[in-house]
Structures are given as C-alpha cells and as structure tokens.
Amino acid sequence: MILPMVAEGLRFAAGDVGIIHGIDLTLRAGGPTLVVGPNGAGKSVLLRLLHGLLRPTGGAVRWALPEEAARRRQAMVFQRPVMLRRSVLANAEYPLRLAGLDPGRAMAALERVGLAALAARPARRLSGGEQQRLALARAWAMGPAVLFLDEPTASLDPAATRQVEAIIAAIAGQGTKVVMTTHDLGQARRLAEEVVLLVAGRVNAVGRAPDFFERPPSAEAAAFLRGDLLW
Ligand SMILES: Nc1ncnc2c1ncn2[C@@H]1O[C@H](COP(=O)(O)OP(=O)(O)O)[C@@H](O)[C@H]1O
Ligand SMILES: [Mg+2]
C-alpha cells in the first residue's frame, strides 16, 4: 500500500522567491482530496512536489512504499494534456508499453471514457474535452494507486467539464486516490471527500466535505467560500 503519504516541512523556492513555505500534509486512502485556493497560492507547485516532478528545497515527501515503488504507482494529468502526433489508441498504449504492461488495456480504458469510437483518429484533432478524457484514460489504464490532477477542467466548457468530472468520480470509485487542484468551488463541492485550502504557499485549513463548506474551519476559508479575494 502506497498510502499514507506524509509531507513534512515541505518548502519550495525559485531562486530567492519562496513559493511553498513549510507544508505539513497527510494524504490517506479514501475519496478525492481537493486542493483549493486563490490563483498563485502554489497549488500546482504543491502537486508537482508531491508527485516528485519538483525537488523540494526543504522538508520531504514520504510514501508508505520505497521511493521507486511509490513513483511507479502514481500518475498525473495536467490542465493541457500533451498528445503524441499519433492515433488516440496509440496515445493510450504508449505509457503501457513503456512500463512493460499489456497495451491491450488501452482499448478498455478508451471504452470507459467514451472514446472507443474515436480510437483511430489523430489525437491532436480531438476537442479539448476529448483530449482531457484521453489523458484520463491513458493515466487510468496504468492502474495508478494515486492520481494527481492539476486543474483538469480549467480550459473546458461546462458540458465537457461534467463529462470529465464523471470520469474522475468513476476513477475514484474504483479505489484510486485522486488528489486534484481546482479554482472551481462548485467542482470541489461535487468531487471532494477532503478539502485542503492553500493560501500564499501555506495550508490554511483542511476539512472533510461537506463540513468544510458548511462550517468553514478558518476565517480565510469562510472568505474564500464567499468569493472574497485572498492573497
Ligand atoms: N518554476 C517556477 N519558477 C518560479 N516561480 C514559479 C514557478 N512555478 C510557479 N511559480 C510561481 O509560484 C507561485 C505559485 O504558482 P502556482 O503553483 O502555479 O499557483 P496556483 O496553481 O495556485 O495558481 C506563482 O507566483 C508562480 O508565478
Ligand atoms: Mg495552478
């Protein structure tokens, strides 16, 4: 089991500009953890630190498995997915082949996200919502224990957003721990089991949904939920 993940004293600075200022955070098995907070709070940087794409300048991220094993059990999907200049199916097969897994899992994943009929299309011709569903299928096919999603619907319209949210809920429902950033509070309400509020590079509040929304655990959480700007 890869979880719990414990981040202790996590810091990140770019040059002499501090971005993440000493975060302690535990991720446990269960439903989705949604990281919310104002623009520039450090949500994307935090996700990259937890996933190991950025090396912290202080503190550490520890998984319940050794680092290499933990890395193999995680996947990440970004706001704007990168598509190979190949078919939809080839895009879904590629990481499976790299990892020595059965590429036959790709087609099943495409079926689960409603893209089986488009398997032969060039991936770069898909709409934004279809590309994001392909990115989720590609990650899901790997069978990750933990899936990091950084603003996966930020560039999508409401209909495509709902389709992507349904896929995320299905992935979480099959036991993958979803850790996701969003600036969309409605989305956080729809998906979260746990909410982490990040403000100016620090964890301001952590709570379970729907408690977090009904009884905001800090003044900043209440202000953020009201839509007041926070810095
Ligand atoms: N690699 C980097 N180098 C320098 N500054 C960065 C880097 N990545 C992010 N930042 C800065 O760190 C802050 C937090 O960024 P980010 O994590 O993208 O915020 P959020 O995702 O919450 O909107 C921003 O001020 C951003 O400009
Ligand atoms: Mg971001």
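Since the model is a prediction, treat every value here as computed from it, not as a measurement. (Residues numbered from 1 in each chain as written. Chains lettered and ligands numbered in written order. Predicted model: local features only at pLDDT ≥ 70, side-chain atom pairs only at ≥ 80, totals over all residues. Heavy atoms only, no water.)

1. Some thoughts on the overall build of the protein chain
If you tally the helices and strands in the protein chain, you get nine helices and nine strands. At 18 Å, the protein chain has a C-alpha radius of gyration in line with the 17 Å of a compact globule built from 231 residues. Taken along the three principal axes of its C-alpha coordinates, the protein chain extends 50 × 40 × 35 Å. Expressed as a percentage of the 231 residues in the protein chain, the buried residues total 48%. Residue pairs in contact within the protein chain that sit at least 24 positions apart in sequence constitute 67% of those at least 6 positions apart. Of the accessible surface of the protein chain, which amounts to about 11,000 Å², a share of 51% is contributed by carbon and sulfur atoms. Of note, the protein chain has its 28 positive side-chain charges centred 6 Å away from the centre of its 20 negative side-chain charges. (Helix = DSSP H or I, 4+ residues; strand = E, 2+ residues; numbered from the N terminus. Rg over C-alpha atoms; globule rule 2.2 N^0.38 Å. Buried < 20%, exposed > 50% of the residue type's maximum accessible area, 1.4 Å probe, protein only. Contact = heavy atoms within 4.5 Å. Areas by Shrake-Rupley, 256 points an atom, 1.4 Å probe, with all protein chains shown as cover. Lys, Arg positive; Asp, Glu negative; His and termini not counted. Charge placed at Lys NZ, Arg CZ, Asp CG, Glu CD.)

2. Examining the layout of surface pockets
Its boundaries defined by the atoms lining it, the largest pocket holds a volume of some 810 Å³. Lining the largest pocket are 26 residues, with Q74, A75, M76, P95 and M142 positioned closest to its centre. Secondary structure elements with two or more residues in the lining of the largest pocket: helix 2 (67–72), strand 5 (74–77), helix 3 (88–98) and helix 5 (128–141). Here the lining of the largest pocket is built from residues that sort into 17 nonpolar, four polar and five charged. Along its surface, the second largest pocket is lined by 16 residues, and L49, G52, V61, E67 and R71 are the ones closest to its centre. (1 Å grid on protein atoms, 1.4 Å probe; cavity = no way out; pocket = protein on both sides within 12 Å on 5 of 7 lines; lining within 4 Å. Points joined across faces, edges and corners; volume = space filled by probe spheres on them. Nonpolar A, V, L, I, M, F, W, Y, C, P; charged D, E, K, R; others polar.)

3. Here's the deal with helix 9 (residues 219–226)
When helix 9 is considered as a whole, its buried residues turn out to be A221, A223, F224 and L225. Next to the buried residues of helix 9 lie strand 3 (33–36), helix 7 (185–191), strand 8 (194–199), strand 9 (202–208) and helix 8 (211–214). Note on helix 9: the residue one or two positions beyond its end, G227, has a positive phi of about 90°.

4. Thoughts on the pairing of strand 8
By the criterion of burial, strand 8 is predominantly enclosed, with six of the six residues buried. Residues E194, V196 and L198 line one face of strand 8 and the alternating positions V195, L197 and V199 line the opposite face, and both faces are buried. Taken together, the four bridges between strand 3 and strand 8 define a ladder with parallel strand orientation. Its bridge partner lying in strand 8, V36 is registered against L197. Of the strand pairs in this sheet, strand 8 and strand 9 are connected by six bridges, and their pairing is antiparallel. Each bridged residue has a counterpart across the sheet, and for V199 the counterpart in strand 9 is R202. Hairpin connection of strand 8 to strand 9: two residues between the antiparallel strands, including A200 at a positive phi of 50°. (Pairing = 2+ DSSP bridges.)

Geometric descriptors of this kind do not, in isolation, establish any biological role.
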